[in-house]
Amino acid sequence: MADRSKGLDVSLEQDAPIPLNARLRCEPGQVLALVGPSGSGKSTILSAIAGLRNIANGRISCNGSVWYDSAKHINMATRLRRVGFVFQSYALFPHLSALANVMEGLGSGYRGSRENRARELLELVRLGGLEARRPSELSGGQQQRVAVARALARDPNVLLLDEPFSSVDRVTRQRLHRELGHLRGELQMPIVLVTHDLEEAVQLGDRMSILHRGHTLQEGAPRDIMARPANREVARLVDLKNIFQARIAAQRPGAGITALVWGSTTLEAGYAPGFAAGDLVDWVIPSGRVILHRRRRPSRGIRENPVRGRVESMVALGDTVTVAIKVDSLDGYPLFMSMPVHAAERNSVAPGERVGVSLIRDDIHIMPAQQSETRDDASADI
Amino acid sequence: MDWTAFLLSLKLAAWTVAILLPLGIFIARHLAWRRYPGKAFVEAALALPLVLPPTVLGYYLLVGLGRASPIGQVYENIFGAPLVFTFEGLLIASIIFNLPFAVQPMQRAFETISQEIRDAASCCGMTSWRKLWRIELPLAWPGIMTAFVLTFAHTIGEFGVVLMVGGSIPGETRTAAIAIYDRVQAFDNAAAGAMSAMLLVISLIAIGIANLATSRAGARRG
């Protein structure tokens, strides 16, 4: 069991100006990704951890030291919390060189030792040789690395990263992702990463917390959340397209099966305890787990939750195409299937064509039913 | 050439700058970064010297600092002499009529320092003084230099307020601008011309120094 005194514990609550009801925990050496749409309170939480913004009620502690406790009127000053903060715009001091920026993070000790340590940190982020350059003379990626070096200069109790990759191009972002992945092996403090990019959260986060309107909706391993969202809202926020309602037809725990009635189709899902026959539920399946029946060479897989329908539309993005299928005898939203473009071409999948697909049983995830929202909401950007 | 008046002008400008710049930095930071009800009114009040006729401002200062005023009486009780028609009275008036010239350029300069930069300084563990010294003042430097030059040049050139509050007492309140007026009244155009030329050169040099310092600061920031 983890030592509760180590790591970062955050619990925040307030009604205004930004409503918050958030609980987070991040272990030393772990990356916690805070994910949510704009205005969900991600950056506010980061500012509260750093002590840059006060929240009405809550408690923040790190490594056994209480930084903020509204009940006990404890509010430690930012400079005493020793946080490393990489801001979205990097917030480098524009009048200082890269070296001097990092030295500012090292406090006011003996200049010679501060300079040596700052040079080491710039080497660590692979910026050796660029010490004398001012921020305006560095590229976006280089500025980001100076910001990381400056944040690490504090030997911080916690490292806070506020969308640090949003201002660089895709190629640089991927390189910086790799570098952060490499660097974090050497860091033993909790790392909180704010991002609106799910791919980034999955790639870099050990854990992920989904925020919406200031509330933490779900916290867990990124792939678990993506495959097993707690409810319809989380499913929507992690960009699952196939979110439907159904009724529990039967529970067969012995066979490990929960049967669902979806329109006129009966589906078999992995056993989901906690529901009874007749319950209305929401269910999801990732579009990549909807498998096309090959026309020329049908396999045994076609017996697993077979569904037939007509292709409504197709959207290709790179090598993958997302196919919207209007399911027979079912009104409402289409079923989405994603597949390689070449596979779609080889199987003559095209708008208007009839297709048969299978829904992989163990990838159907059942959740308690929530009010369904409009399609505009359902497709909102994250 | 009335060197006494000329040196008095320089002395008044130096004291005004010495007192108003630190005070102005405090007010400018406050106005740049704080939001509160009535802020617009405070800003309007600070800008008044820009639009009021100098004689009107001078009149109110004369009444407000005079022997019958509470401020004038307190001052006289402590120091045993009236405030108006003295160098000290002139200095207080000079600080008040220069407020917008000092505060506004610095306020604009502090407004350009983003919240993130100030937060980054806090996260670097800086105390308020270190933040001011290492980050805020260097970044606001062009505005501070502009405030310095405007205050200095405006003090040397001010006529209406100085005449109302200080009169024209040689060595005490007769500044170069008043002396030029006196020389013209006495048909001594040669002395008036020499002093005017001297003020012109000083003003040009001050603006030149400010521009140079500003452009260097801009180059440093990149």
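All values derive from a computational prediction rather than experimental measurement.

Scoring rules and cut-offs
Residues numbered from 1 in each chain as written. Chains lettered and ligands numbered in written order. Predicted model: local features only at pLDDT ≥ 70, side-chain atom pairs only at ≥ 80, totals over all residues. Heavy atoms only, no water. 1 Å grid on protein atoms, 1.4 Å probe; cavity = no way out; pocket = protein on both sides within 12 Å on 5 of 7 lines; lining within 4 Å. Points joined across faces, edges and corners; volume = space filled by probe spheres on them. Helix = DSSP H or I, 4+ residues; strand = E, 2+ residues; numbered from the N terminus. Nonpolar A, V, L, I, M, F, W, Y, C, P; charged D, E, K, R; others polar. Patch = residues over 30% accessible without salt bridge, like charges linked within 9 Å, V, L, I, M, F, W, Y side chains within 5 Å. Areas by Shrake-Rupley, 256 points an atom, 1.4 Å probe, with all protein chains shown as cover. Salt bridge = Lys/Arg side-chain N within 4 Å of Asp/Glu carboxyl O. Buried < 20%, exposed > 50% of the residue type's maximum accessible area, 1.4 Å probe, protein only. Phe/Tyr/Trp six-rings, centres within 6.5 Å; stacked < 30°, edge-to-face > 60°. Lys NZ or Arg CZ within 6 Å of the ring centre and 35° of its normal. Domains from an automatic or database assignment. Pairing = 2+ DSSP bridges. Axes fitted to C-alpha atoms, helices over the stretch in contact; angles between N-to-C directions.

## Things to note about the layout of surface pockets
Residue and element names in this part refer to chain B.
Then, number 1: If you add up the space inside the second largest pocket, you get close to 510 Å³.
Then, number 2: Top element by residues in the lining of the second largest pocket is helix 1 (residues 3-33). It accounts for six residues.
Then, number 3: Of the residues assigned to the lining of the second largest pocket, the class counts are six nonpolar, four polar and six charged.

## Structural notes on a nonpolar patch on the surface
Residue and element names in this part refer to chain B.
Then, number 1: Judged by side-chain polarity, Leu48, Leu50 and Val51 come together as a nonpolar surface patch covering roughly 280 Å² of accessible area.
Then, number 2: Here leucine 50 lies in helix 2 (residues 39-51).
Then, number 3: Exposure remark for leucine 50: the relative accessible area of 41% places this residue in the partly exposed category.

## Points about the packing of aromatic side chains
Any pair of aromatic rings gets described here by the distance separating the centres and the angle formed by the planes.
Then, number 1: Tallied over the entire structure, the rule returns ten aromatic pairs over all chains.
Then, number 2: Between Tyr75(B) and Phe79(B), the aromatic rings sit 4.6 Å apart at their centres with planes inclined by 35 degrees, giving tilted as the arrangement. On the criterion of helical spacing, the pair formed by Tyr75(B) and Phe79(B) is a turn pair, its members being four residues apart in helix 4 (residues 70-79).
Then, number 3: According to the relative accessible area criterion, Tyr75(B) is buried, its value standing at 16%.
Then, number 4: Here a set of aromatic residues connected by ring pairs shows up, and it is made of Phe244(A), Trp262(A) and Trp283(A).
Then, number 5: Positioned over the ring face of Phe93(A) is Arg150(A), at 4.6 Å from the centre of the ring.
Then, number 6: The ring of Trp33(B) has Arg118(B) sitting right over it, with the charged end atom 3.9 Å from the ring centre.

## As for empty space enclosed by the protein
Where empty space is left in the structure can be found by rolling a water-sized probe over the atoms.
Then, number 1: For the coordinates displayed, the defined rule picks out five cavities of 30 Å³ or more.
Then, number 2: In this structure, the second largest cavity occupies an estimated 50 Å³ of space.
Then, number 3: Taken together, Val83(A), Gly84(A), Phe85(A), Phe87(A), Arg150(A), Ala151(A), Arg154(A), Ala120(B), Cys123(B) and Cys124(B) make up the lining of the second largest cavity.
Then, number 4: Secondary structure elements with two or more residues in the lining of the second largest cavity: strand 7 (83-86) and helix 5 (140-153) of chain A together with helix 7 (115-123) of chain B.
Then, number 5: At three residues, the largest contribution of residues to the lining of the second largest cavity is made by strand 7 of chain A.
Then, number 6: Among the residues making up the lining of the second largest cavity, the classes are represented as seven nonpolar, one polar and two charged.

## With respect to the domain arrangement of chain A
Then, number 1: Once the domains are mapped, chain A shows domain 1 (8-236), domain 2 (240-284 + 360-382) and domain 3 (286-359).
Then, number 2: A C-alpha centroid distance of 41 Å is found between domain 1 of chain A and domain 3 of chain A.

## Let's talk about the sheet that holds strand 16 (residues 290-292) of chain A
Residue and element names in this part refer to chain A.
Then, number 1: Across the sheet, which stays open at both edges, the five strands sit in the order 16-20-17-18-19 with antiparallel pairing between neighbours. A single partner strand is all that each edge strand has here, and the edge strands are strand 16 and strand 19 (335-340). Direction aside, the axes of adjacent strands within the sheet are offset by 50 degrees on average.
Then, number 2: For strand 18 (residues 320-327) and strand 19, the ladder comprises six bridges, and the chain directions are antiparallel. Bridge pairing links valine 321 to methionine 339 in strand 19.

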